[in-house]
Number of protein chains: 2
Amino acid sequence: MKVAILGYGTVGSGVFDVLTENRDIIAKRVGFPLDVKYVLDLREFPGKPVEKYLTHDFRQIIEDPEIEIIVEVMGGIHPSYEYAKEALESGRSVCTSNKELVAKHGAELVGIAKDHSVNFLFEASVGGGIPVIRQLIRSITADEVEEVCGILNGTTNYMMTLMRETGATFEEALTDAQDKGFAERNPAADIEGHDACRKIAILTSLAYAKQVDYEDIYTEGIVSISDIDVAYAKAMKRGIKLLGRSYLKDGTVYAMVAPCMVRKKNPLYPVNGVYNAIMIRGNMLGDVVCYGMGAGKLPTASAVVSDVIDAAKHRHVNIPILWEKEKLVLGAKDDMDGKFFVRVAFADADKARALFPIAKEISILECEGREFAFVTEVMSEKAFSDAAEKIAVINRIRYEI
Amino acid sequence: MKVAILGYGTVGSGVFDVLTENRDIIAKRVGFPLDVKYVLDLREFPGKPVEKYLTHDFRQIIEDPEIEIIVEVMGGIHPSYEYAKEALESGRSVCTSNKELVAKHGAELVGIAKDHSVNFLFEASVGGGIPVIRQLIRSITADEVEEVCGILNGTTNYMMTLMRETGATFEEALTDAQDKGFAERNPAADIEGHDACRKIAILTSLAYAKQVDYEDIYTEGIVSISDIDVAYAKAMKRGIKLLGRSYLKDGTVYAMVAPCMVRKKNPLYPVNGVYNAIMIRGNMLGDVVCYGMGAGKLPTASAVVSDVIDAAKHRHVNIPILWEKEKLVLGAKDDMDGKFFVRVAFADADKARALFPIAKEISILECEGREFAFVTEVMSEKAFSDAAEKIAVINRIRYEI
């Protein structure tokens, strides 16, 4: 069976490598070999093994009846969306790692695949090599999903780990992540939480079988987290993690992306560096947590190729994915409950005590006499922001109950 | 579609509850409802909801053409094996949580299911609610599996956690586990490692698509682990875990079940209490770790029902599972390499120094002047046991490299 790869960037070259290096074992599992016939890229790669598969023209791929599976790893929405759609409509399965595409057009493309008895698969779009999509749609099928919560972005987790372990400032951690190639030169998508937001939108859509628009999810990145916040977290034996989370409460689904001070006992607490981890809670199953490399060339490519294998094994058979286009209306952020860690100026201590229900006060040497820091009792986001408006808050971070 | 449940013990009653309580959501995912028609048990349950489904006669089930899926949760080999075989041969899918049955007859029953275009599924046989079987056979398909390593027995992990956290002796921990219902009155299968052994045999069979006989796997339980050993582990900032492990080295598969002192950085280190966790390492993917409730009525039942759902969605279609009857010959235990933590009498210190390549010496207050304890350099099991024969060893525990 012949495969075309759209895009020879990090993931695309990884897919090429996995299909080539593990060719025999893959052929054994599928029942026949899977061979790359084309790699679409605008660039040339003279002297590289990929050279003889290169094409600059998508038409050459789409018009070749031998091609049965198309791997889309270009990123972005255009022309990924148009290519994926045309591929599915022409009876090819499409496997992608493109979270923007999946978050934006997943429901539609899943529907088109179904109509044409092919498959639109996207395991690598969330959690890199962690098989969380299959877990949600094919393993945890006997349960009502009560909660999905994960560390969904490796870059920011790397930065938070570095700040924790070395006392680095936010800027130092970002520079280090960029130097190591974990963060892009323009790191906004990671540090502002947009990447995690698209991923929790996809997971929530699959958990509840409807379309969750990522624009509807309240999203905060880690840009406000300072070394001082990390020092407070340490003093409270907690870790700050950027969490993408959604949960079902009284029939309504709520979702948010925000940093959170998690307890030492939280299974996500020990997940450090570029690792990702996702906890899924079922009403019968309890918690299942899965973790692994959330990004990186080969782990992500391995996930893409596992989809290619699934597509090959399901030739002309659609693997059902429940994801309706109907929009899932999320509960209002204001109605979400939680505790908050808050820092205000020392002079505002009495004012803060009057404004917030305080569960405990905390001080660290670095800020003694300058700041008043505390953890609130459980309160709604609305009640919190109403109170916070009346006082100059240095920073506040959500705090696991 | 009608389902029969063989056995109304802990798991069987859980399966009944999950199918009943989550009936609507399951019907949505399958496309039609799944209803229990029979529950086979020798006992009566007067006044309970299950009463009207009870039968004492397997013939009544097997002769009812309405029954398409049979859930085997009786445990043991006889008559589970005969029932499962007859059910598959008569065109019914079988879903089981019975690890003895799967470890012993898995390859054969998988083959019979294939021949009859039905399914033999056994997600719940390893790791309770953790979907590790699907991960191995359906998710991590693009990789050569290099290692599988897990905490596969919740009872012993509970005991090790208790000993660690409270300083309890082995006997106290066992009594506590029995009082809480985590350990059986006859705890041999758990504490001697047989349960973990069957599970790693199943996982290894699936990883390498051949039959691994559990009798071939060197197995040590936790019966020799004392509170003193736990104190040493603590002093070295390590945790003692009963690990089932298999790995591929130079084309040969090795497997073992034994307690091991794992590093704090090991993803299995923070897995405490009755939780199970399994790490799978792929040659492309790196490590994926999954953890959750390894036992318990509802988590295990949820996994069984996820198989029932798969069977229902694949009516008359066999889901391929690569598991040949051909025996996988494991590498010799003697050839396995590792480090060892060793305790000998204080008077034997010089003798030990002459016999073993010692990486570091360790002492704890409780044993000062009475014992000489050390960690070896990496050495083969053979070299270790040859040396250990020449000296009175109080205890030795494998030590993560």
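These numbers were taken from a predicted model, which means no experiment stands behind them. (Residues numbered from 1 in each chain as written. Chains lettered and ligands numbered in written order. Predicted model: local features only at pLDDT ≥ 70, side-chain atom pairs only at ≥ 80, totals over all residues.)

Asks: For this particular structure, what's the right way to read the domain arrangement of chain A?
Replies: Often, the extent of an interface is quoted as the loss of accessible area upon association of its parts. All names here are of chain A. Under the domain assignment, chain A is made up of domain 1 (2-128 + 297-313), domain 2 (133-293) and domain 3 (336-399). Once you take the C-alpha centre of each, domain 1 and domain 2 turn out to be 27 Å apart. Taken together, the 13 residues of domain 1 in the interface contact 15 residues of domain 2. With six residues, helix H5 (residues 99-115) is the largest single contributor of residues to the side of domain 1 that touches domain 2. (Domains from an automatic or database assignment. Contact = placed C-beta atoms within 7 Å. Helix = DSSP H or I, 4+ residues; strand = E, 2+ residues; numbered from the N terminus.)

Asks: I would appreciate a short explanation of the nonpolar core in the present structure.
Replies: The tendency in soluble globular proteins is for nonpolar side chains to be buried side by side. One finds Val71 of chain A together with Val71 of chain B to be the most contacted residues of the largest nonpolar core, which totals 272 residues. If we ignore the near neighbours within four places in the chain, the residues touching Val71 of chain B are Val3, Ala4, Ile5, Leu6, Val15, Cys95, Val304 and Val308 of chain B. (Core = buried A, V, L, I, M, F, W, Y, C linked by C-beta atoms within 7 Å. Buried ≥ 20, exposed ≤ 12 C-beta atoms within 10 Å, placed from the backbone.)

Asks: Just to check I follow, could you spell out the environment of Val118 of chain A for this structure?
Replies: Residues and elements named next belong to chain A. Inspection of the secondary structure assignment puts Val118 in the loop between H5 and strand E6 (120-121). Overall, the presence of 27 C-beta atoms within 10 Å leaves Val118 in the buried class. Counting along the chain gives 25 residues from Val118 to Ser93, while the straight-line C-alpha distance between them is 5.1 Å. Look past the residues within four positions of Val118 in its chain and what remains in contact with it is Leu88, Gly91, Arg92, Ser93, Ala113 and Asn318.

Asks: How do you make sense of the sheet that holds strand E2 (residues 35-40) of chain A when you look at a structure like this?
Replies: Residues and elements named next belong to chain A. Read across the open sheet, the six strands follow the order E3-E2-E1-E4-E5-E6; overall the sheet is parallel. Looking along the sheet, the strands with just one partner apiece sit at the ends: strand E3 (54-55) and E6. One ladder, built from five bridges, connects strand E1 (residues 2-6) with strand E4 (residues 67-72); its direction is parallel. Bridge pairing in E4 places Ala4 opposite Ile70. (Pairing = 2+ DSSP bridges.)

Asks: How do you make sense of the sheet that holds strand E6 (residues 120-121) of chain B when you look at a structure like this?
Replies: One key point about sheets: their strands pair by backbone hydrogen bonds, in either a parallel or an antiparallel sense. Residues and elements named next belong to chain B. The strand order E3-E2-E1-E4-E5-E6 describes an open sheet built from six strands, whose pairing is parallel. Each edge of the open sheet is held by one strand with a lone partner, namely strand E3 (54-55) and E6. Bridge count between strand E1 (residues 2-6) and strand E2 (residues 35-40): five bridges; the pairing is parallel. Of the residues in E2, the one forming a bridge with Lys2 is Asp35.

Asks: I'm lost on unusual backbone geometry in this one. Help?
Replies: Keep in mind that most residues, glycine aside, have a negative phi and that most peptide bonds are trans. All names here are of chain A. Of note, the bond from His78 into Pro79 is cis; its omega dihedral lies within 30 degrees of zero at 5°. Tracing the backbone through its elements, the reader meets Pro79 in the loop between E4 and helix H4 (80-89). One non-glycine residue, Lys237, lies in positive phi territory at about 55°. Tracing the backbone through its elements, the reader meets Lys237 in the loop between helix H11 (227-235) and strand E9 (238-249). One non-glycine residue, His316, lies in positive phi territory at about 60°.

Asks: Explain the pairing of strand E15 (residues 371-376) of chain A here, please?
Replies: Successive side chains on a regular strand alternate, one facing one side of the sheet and the next facing the other. Residues and elements named next belong to chain A. With six of six residues buried, E15 is to be regarded as a mostly interior element. Burial along E15 is two-sided: Glu371, Ala373 and Val375 and Phe372, Phe374 and Thr376, pointing in opposite directions, are all buried. Across five bridges, the pairing between strand E13 (residues 337-345) and E15 is antiparallel. Each bridged residue has a counterpart across the sheet, and for Val344 the counterpart in E15 is Phe372. Both strand E14 (residues 358-362) and E15 contribute to a ladder of four bridges, which runs antiparallel.

Asks: What's the story with the packing of helix H5 (residues 99-115) of chain B against helix H10 (residues 194-208) of chain B in this structure? I'm lost.
Replies: When two helices pack together, their arrangement is given by the angle between the helix axes and the distance between those axes. All names here are of chain B. Contact geometry for H5 and H10: axes closest at 9 Å, N-to-C directions at 35°. Helix-helix and strand crossings are classified by hand; for H5 and H10 the assignment is left-handed. Mapping the contact onto sequence places Lys99, Glu100, Val102, Ala103, Gly106 and Ala107 in H5 and Arg198, Lys199, Ala201, Ile202 and Ser205 in H10. (Axes fitted to C-alpha atoms, helices over the stretch in contact; angles between N-to-C directions. Left-handed = near helix turned anticlockwise from the far one by under 90°.)

Asks: Would you mind going over the relation of the copies chain A and chain B with me for this structure?
Replies: Here two copies of a chain appear, and what relates them is a rotation about an axis with a shift along it. For these two chains of identical sequence, chain A goes onto chain B by a turn of 180° and a shift of 0.0 Å along the axis, with RMSD 0.0 Å. In the structure described here, the two chain copies are related by an operation that fits a two-fold rotation axis. Residue Cys290 of chain A, judged by its C-alpha, is the member of chain A lying nearest the rotation axis, at 2.0 Å. When the interface residues of chain A are mapped onto chain B, 100% of them again lie at the interface, so the same face is used by both copies. (Least-squares fit on C-alpha atoms with pLDDT ≥ 70 in both.)

Asks: Help me understand helix H12 (residues 297-313) of chain B in this model?
Replies: Because the α-helix completes a turn every 3.6 residues, residues three or four places apart line up on one side. Compared with the 24 Å implied by 1.5 Å per residue over 17 residues, the 24 Å span of H12 of chain B between its first and last C-alpha is a close match. With 15 of its 17 residues buried, H12 of chain B lies for the most part within the structure. (Expected span 1.5 Å × (residues − 1).)

Asks: Honestly, the interface of chain A and chain B in this entry has me stumped. Any pointers?
Replies: Listed by partner, the interface residues are 37 residues for chain A and 37 residues for chain B. Taken together, the elements giving at least two residues each to the side of chain A that touches chain B come down to helix H2 (23-30), helix H6 (132-139), strand E12 (286-293) and helix H12 (297-313) of chain A. In terms of residues, the side of chain A that touches chain B owes the most to one element, E12 of chain A, which gives eight residues. Residue classes in the side of chain A that touches chain B are distributed as 21 nonpolar, ten polar and six charged. Two elements, E12 of chain A and strand E12 (residues 286-293) of chain B, share five bridges in a ladder whose sense is antiparallel. (Nonpolar A, V, L, I, M, F, W, Y, C, P; charged D, E, K, R; others polar.)

Asks: I tried to follow the environment of Leu285 of chain B on my own but got confused; where do I start?
Replies: Residues and elements named next belong to chain B. Its location among the elements puts Leu285 in the loop between strand E11 (275-282) and E12. With 31 C-beta atoms packed within 10 Å, Leu285 lands in the buried category. Considering only alpha carbons, one finds Leu285 and Val145, 140 residues apart in sequence, at a separation of 9.3 Å.

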